[in-house]
Amino acid sequence: MNTTKFTSDNTALLLIDHQVGTMKLIKNIPLEEVEKKTLALAKMAKVLNIPVIFTSSQEYAAQGPLMPELAEILPEAFEKRIKREGIVNCWEHTDFRDAVLATGKKNLIMAGVTTDVCLVYPAISAVEEGFNVQAVMDASGSPFDLSENLSQQRMAKAGVVLTATNTLMAEIAEDWARPEGGELLGILFSDVLPSMA
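For the structure given in this document, a descriptive report is provided here. (Residues numbered from 1 in each chain as written. Predicted model: local features only at pLDDT ≥ 70, side-chain atom pairs only at ≥ 80, totals over all residues. Heavy atoms only, no water.)

Here's the deal with the environment of Ala 45
Alright, step 1. With respect to the element layout, Ala 45 can be found in helix H1 (residues 31-48).
Alright, step 2. As for Ala 45 and Met 196, which are separated by 151 residues in sequence, their C-alpha atoms are 25 Å apart.
Alright, step 3. Not counting residues up to four positions away in its chain, the partners in contact with Ala 45 are Leu 13, Ile 50 and Val 52. (Helix = DSSP H or I, 4+ residues; strand = E, 2+ residues; numbered from the N terminus. Contact = heavy atoms within 4.5 Å.)

Rendered as structure tokens:
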């Protein structure tokens, strides 16, 4: 059983195919929620200096470009994004896998659009190679409840830890009193949690 603690020092964030066209396929949860949680993960990574790797598939086609807000938050990572020509499992794309290995991190946070195609395969592949993977389910989504549920089951059975943005942020933060704690709480309350009003 995976008991490895994810910290800001031992973790990388992989955001897979959060493209403006593909995201419109998400129907199992509100698209706005997926967008907000994806951007919150990017902001968290920026605050904590966690390495981030973006990848996209056929940006020139119906899938469209990555969310432009990601470029505003993490311009360098966005510029270095791995553009795939058609390989479904991004883990099997040499440039993507090499970029992950270059981070030197064994703990991987993954979110992908869609869960049932973009996320399920690389999450399982990374676990099979000995990485610890947490898949953020509210920064991912699927066209159908059935394919979402089956993909979650498949990942969990393979050893992927399924999580949500607020749970993951609390784990990575470790201590809200740390120097970055105020910024992290700001992201949490503005972008992730429901209003307390």
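And the narrative resumes.
Notes on unusual backbone geometry
Negative phi characterises most residues that are not glycine, and trans characterises most peptide bonds.
Alright, step 1. In the segment running from Val 113 into Thr 114, the intervening peptide bond is cis, with an omega of 10°.
Alright, step 2. You can see Thr 114 is positioned in the loop between strand E4 (107-112) and helix H5 (115-128).
Alright, step 3. A positive phi angle, close to 60°, is found at Asp 17, a residue other than glycine.
Alright, step 4. Checked against the element boundaries, Asp 17 lands in the loop between strand E1 (11-16) and H1.
Alright, step 5. Positive phi values are uncommon outside glycine, yet Asn 49 reaches one of about 60°.
Alright, step 6. With a relative accessible area of 68%, Asn 49 lands in the exposed category. (Buried < 20%, exposed > 50% of the residue type's maximum accessible area, 1.4 Å probe, protein only.)

A closer look at the pattern of salt bridges
Alright, step 1. Considering all chains together, one arrives at eight salt bridges under this definition.
Alright, step 2. Linking Lys 37 and Glu 33 is a salt bridge whose minimum nitrogen-to-oxygen distance equals 3.1 Å. Taken together, the residues span about one helical turn, with Lys 37 and Glu 33 both in helix H1 at a distance of four residues.
Alright, step 3. Look at Lys 37 and you get buried, because its relative accessible area is 7%.
Alright, step 4. Owing to a relative accessible area of 27%, Glu 33 belongs among the partly exposed residues under this scheme.
Alright, step 5. Across the salt bridge formed by Glu 180 and Arg 178, the nearest N and O atoms sit 2.8 Å from each other.
Alright, step 6. Beyond isolated ion pairs, a larger network of salt bridges with shared partners links Glu 33, Lys 37 and Asp 138. (Salt bridge = Lys/Arg side-chain N within 4 Å of Asp/Glu carboxyl O.)

Quick word on the state of the cysteines
Alright, step 1. Under the definition given, this model contains zero disulfides.
Alright, step 2. Free of any disulfide, Cys 90 has its nearest neighbouring cysteine sulfur in Cys 118, separated by 8.2 Å. (Disulfide = S-S within 2.5 Å.)

Concerning the sheet that holds strand E5 (residues 132-136)
Alright, step 1. Read from one edge of the open sheet, six strands run E3-E2-E1-E4-E5-E6, paired in parallel fashion. Lying at the two open borders of the sheet, with one neighbouring strand each, are strand E3 (82-84) and strand E6 (161-163). Between one strand and the next, the sheet's axes are offset by a mean angle of 25°, whatever the strand orientation.
Alright, step 2. By the bridge criterion, four bridges tie E4 to E5 in an arrangement that is parallel. Its bridge partner lying in E5, Leu 108 is registered against Val 133.
Alright, step 3. Its contacts with the sheet put helix H4 (residues 94-103) on E1, strand E2 (52-57), E3 and E4, and the angle it makes with E2 is roughly 175°. (Pairing = 2+ DSSP bridges. Axes fitted to C-alpha atoms, helices over the stretch in contact; angles between N-to-C directions.)

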